[in-house]
Structures are given as C-alpha cells and as structure tokens.
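# Inside the fold
The primary structure of each chain is shown beneath.
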Amino acid sequence: MPLALLALAVGAFGIGTTEFAMMGLLPDVAGDLRISIPAAGHLVSAYALGVVVGAPLLAAATARMPRRTVLIALMGLFVAGNALSALAPDENWLLAARFLSGLPHGAFFGVGAVVATGLVTPERKARSVSLMFLGLTVANIAGVPAATLVGQHLGWRATFLGVSAIGLAAIASLYLLIPRTPGHTPGGGLRGELAALRPLPVWLALGTTVAGFAALFSAYSYITPMLTDAAGFAEGSVTLLLALFGVGATAGNLLGGRLADHAMRRTLFGGLASLVAVLAAFPLLMRTEWSAALAVVLLGTAAFVTGSPLQLMVMEKAAAAPSLASSANQAAFNLANAGGAWIGGLALAAGFGVTAPATAGAGLAVLGIGVAGAAYAVDRRRAKRPAGPARVIATHVPDRQEALSR
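Below, the structure is looked at part by part. Quick caveat: nothing in here was measured; it's all calculated off a predicted structure.

Moving on, we come to empty space enclosed by the protein. Summed over all chains, the structure comprises 3 cavities of 30 Å³ or more. As a volume, the largest cavity reaches approximately 170 Å³. Secondary structure elements with two or more residues in the lining of the largest cavity: α6 (125-154), α9 (200-220), α15 (307-317) and α16 (322-349). The element contributing the most residues to the lining of the largest cavity is α15, with 4 residues. Taken together, the residues of the lining of the largest cavity sort by class into 6 nonpolar, 9 polar and 1 charged. Together, Phe20, Leu136, Asn140, Leu216, Phe217, Tyr220, Phe245, Phe304 and Phe333 line the second largest cavity. Taken together, the elements giving at least two residues each to the lining of the second largest cavity come down to α6 and α9. When residues of the lining of the second largest cavity are assigned to their parent elements, the largest contribution, 3 residues, is made by α9. Considering only residue class, the lining of the second largest cavity consists of 8 nonpolar, 1 polar and no charged.

This is the structure in structure tokens:
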C-alpha cells in the first residue's frame, strides 16, 4: 500500500479526535463558560451540522481543483476551526468555531477516499479506504482518551490546541506524500456534479448508510448507562471500555476492507446481519461485566465492517462525481449519528429498560438490510434490462428512372 495513505490516516486521526473528544470535555467546558451541560451539548450538534452542510457543498465547489490542494485546504480550515475553539471567549464564539471545524470533515473523507482508491489497483480499493479510516478508528483508542486527559489536567483549550498541532502535521504529510493529480472537471460544473446524485441507486446506498449507522449510534450514544446501570461497571472504567470499542472498530474496519475487495455486496450484508445479532443480544450480554466488555468490542467490529463497502458503493453509483458522492456519504453518517441517538433516546424514555436503545438499534439494522436489499434488486433489474434497439440509418436508394437520368 502506498505511503501516501499514511497522510490521509493522520488527517483522519485529527478529525476523529476533535469530533469525539468534545463529549468527554462537556463538563469542563460547561464549568469554564458558566453554561449548563445540556447547553454545552449544543457544541456537539454544531459540529455535526457543520459536517452535514460542508460535506456536499465543499466537495462540489472544489471539484475542479487538484485533489491534493483540496485536501490541504480542507485541513487548513480544520486547523483554523480548532484554533478558534481554543481561543473562544464565550459560548456563541465556541459554537461558531465548532461549526467551522465540522465543515471540512465530510469533504476531507470524501475527497480522501477518491484519492486513496486512485493510488492502488482496482482489487485493493476497499483496503485503501479502510486504511484511511484507520486514523478515525485509532482516534477512539488513543486520540480521544489522550485528549480527554489533557483537557482534564491542562484545560479544555489545551485539547483544541493539541488537535490543531495534529492538523498541521497532517498538512505537512499531505504536502510531502500525496502525488499531484488534476481535479475532476465535469462538463456541467456544479450542476453536473449534483446531477450525478439523482439516480435512485445513489440514494438507496446513502439510505443504507443512514439506517446502518443509526443502528450503531442508537446503542453507542447510551453505552455509558448500559455499562454502569446494567453491567455494574464503575464510572471510572467507562473510558477504558470505550477504548475497547475503538479496538473493535479498528479490527472491523480492516476486516471489512479486505473482505469487500473480494465480495463487496456480501460483506455489506454480512456486516449488517452481524450488527443485528450483536444489538439483539445486548440485553443478555449486559448482565455480566465480562460479557458486557465483549459486547462493546463486537459492536465496534460489526458496525465498522460495513464502512468501506458503503463508501465504495456510493462512489460507484455516482461515478461521474465520486468526490461529491463520497462526501455526501459522510453527511449521511452524521445524520445517522443524530437520528440514531434520537431514536435510542425515545426507546429509553419510553421505559423499556436501559438496554432498550440497543434493541431499537437492532430494528434499525434490519431496516438497513431492507434498504440494501432494495438497492440490490434495483441493480439486478437494471442489469437484466435489454439494450435499446439498434439504430437503423436510412440511406437514399435511387429508383430506376433517377439512375437512368444520371
């Protein structure tokens, strides 16, 4: 695998760290800015909103630019957003800075996925994408716990300065390792890019991402009360257990990339079916500490097996605008984050028990299988559709009188 993939992984590591570290720093931020923790929770939403807005818009707007230049510019915006977060004097400033930090997130992964697949042979495309996402999953093992510790001991502003330094290292890596390549220049410009997202298979692929990862976040958003109230862990153990989720996600990401290069569709269905099984078993697995720890690892593994095949499927369905489609998939991922947490919260508030969000997640994963099945059926129907009738070019054959006159 090309060394250039390391540069993409470094950027993904910084993005993953800043996205998830805020959740562990909410009490510190709330105390320093003298706001409530629910109000501080809006900072998480501001980042996610930035991802949803920025992913398709920045990918489409930069489609004609060289992709290395785009990646460096996006990481520069990321550094600026985190530096401004560290300097934020009040809540409103920090909300704006977090929104700015989220803007390049989806476009970076979208353009990065296109660059990664262009660096390798066709039979290694999924593995190249999984190696880029490796930075995101490793961030859950090392980056987020380290950022949380730094924030707790040196202040939350130090965390964002540290993430900015990671972003600068990523810029240097991108400049040195990513080859110069021209941008994609569709004839229709922005309108042509957006037109590539119109076909039904593209939306079915994006819908699979939303349903599949909403299943994950329905459970993961409430994993702490499950571990403490159901499994009996002390609150101080939760950070280590979340690192175990990162271990599982890293293993699933690498496994999914390797399997998808051989059978993308079967890997996707297998990952979603595994996610249904794991989430359905959560009420049983959360009864003891050892089985609960196993459940956390299995949840990360099953969910992230689907990451690379989903990314590739969206890119293939919108081949005329792969950067935009890939970025739109990242927006779908963040919609799944918000939607899954909301649905899991409804299940919890309904009084069905502390593990109810996992059961709701199993239902969402079944929905994901259904959407993926519909996408497969559409592909099969289109593949069987007969080609249009051959065009017959009429030619003028002179009649006998016309021929004699010549």
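Once the structure has been displayed, the description carries forward.
Under the counting rule described, the total for this entry stands at 8 aromatic pairs. Aromatic pair Phe108 and Phe109: ring centres 6.1 Å apart, planes at 85 degrees, arrangement edge-to-face. With respect to burial, Phe108 and Phe109 carry one shared label: buried. Relative to Phe333, the ring of Phe217 has its centre 5.5 Å away and its plane inclined at 80 degrees; by these criteria the two rings are edge-to-face. You can see Phe217 sitting in helix α9 and its partner Phe333 sitting in helix α16, a full 116 residues away along the chain.

For the rest of this paragraph, the subject is the pattern of salt bridges. Counted according to the given criterion, the structure contains 4 salt bridges. Of the charged contacts, one joins Arg265 and Asp379 as a salt bridge, the two residues approaching to 2.5 Å between their closest N and O atoms. Remark: Asp379 occurs in helix α17 (residues 356-384) and Arg265 occurs in helix α12 (residues 264-280); sequence separation between them is 114 residues. Residue Asp379 is joined to Lys317 by a salt bridge in which the shortest nitrogen-to-oxygen separation is 2.7 Å. Of the two residues, Asp379 is situated in helix α17 and Lys317 in helix α15; the sequence distance between them amounts to 62 residues. The structure contains a network of salt bridges with shared partners spanning Arg265, Lys317 and Asp379.

Turning next to the side chain of Ser101. In this structure, Ser101 sits in helix α5 (residues 91-118). Classification of Ser101 as buried rests on a relative accessible area of 0%. Apart from the residues lying within four places of it in its own chain, the contact partners of Ser101 are Tyr47, Phe78, Gly81, Asn82 and Ser85.

Okay, the packing of α9 against α16 next. One can describe the packing of α9 onto α16 by two numbers: an axis separation of 7 Å at closest approach and a directional angle of 40 degrees. It follows from the interaxial angle that α9 and α16 lie oblique. Note that α9 runs across α16; the crossing there is right-handed. Contacts between α9 and α16 involve Leu206, Thr209, Val210, Phe213, Ala214, Phe217 and Ser218 from the first element and Ala328, Asn329, Ala332, Phe333, Ala336, Asn337, Gly340, Ala341, Ile343 and Gly344 from the second. Looking at the contact of α9 with α16 residue by residue, the classes come out as 11 nonpolar, 6 polar and no charged.

For Arg34, which is not glycine, the phi dihedral falls at a positive 60 degrees. With respect to the helices, strands and loops of the structure, Arg34 is situated in the loop between α1 (4-33) and α2 (37-40).

Quick look at the nonpolar core now. Residues Leu8, Leu216, Phe282 and Met286 are the most contacted members of the largest nonpolar core, which totals 92 residues. Among the elements that make up this core, the one with the highest residue count is α9 (10 residues). Among all residues touching Met286, those that are not within four sequence positions of it are Ile223, Met226, Leu227, Ala230, Ala231, Ala292, Ala295 and Thr355. Counting 15 residues, the second-largest nonpolar core is a separate cluster that includes Met22, Ala30, Ile35 and Leu43.

How each quantity is defined
Residues numbered from 1 in each chain as written. Predicted model: local features only at pLDDT ≥ 70, side-chain atom pairs only at ≥ 80, totals over all residues. Heavy atoms only, no water. 1 Å grid on protein atoms, 1.4 Å probe; cavity = no way out; pocket = protein on both sides within 12 Å on 5 of 7 lines; lining within 4 Å. Points joined across faces, edges and corners; volume = space filled by probe spheres on them. Helix = DSSP H or I, 4+ residues; strand = E, 2+ residues; numbered from the N terminus. Nonpolar A, V, L, I, M, F, W, Y, C, P; charged D, E, K, R; others polar. Phe/Tyr/Trp six-rings, centres within 6.5 Å; stacked < 30°, edge-to-face > 60°. Buried < 20%, exposed > 50% of the residue type's maximum accessible area, 1.4 Å probe, protein only. Salt bridge = Lys/Arg side-chain N within 4 Å of Asp/Glu carboxyl O. Contact = heavy atoms within 4.5 Å. Axes fitted to C-alpha atoms, helices over the stretch in contact; angles between N-to-C directions. Parallel < 35°, antiparallel > 145°, perpendicular 65-115°, else oblique. Left-handed = near helix turned anticlockwise from the far one by under 90°. Core = buried A, V, L, I, M, F, W, Y, C linked by side-chain atoms within 4.5 Å.

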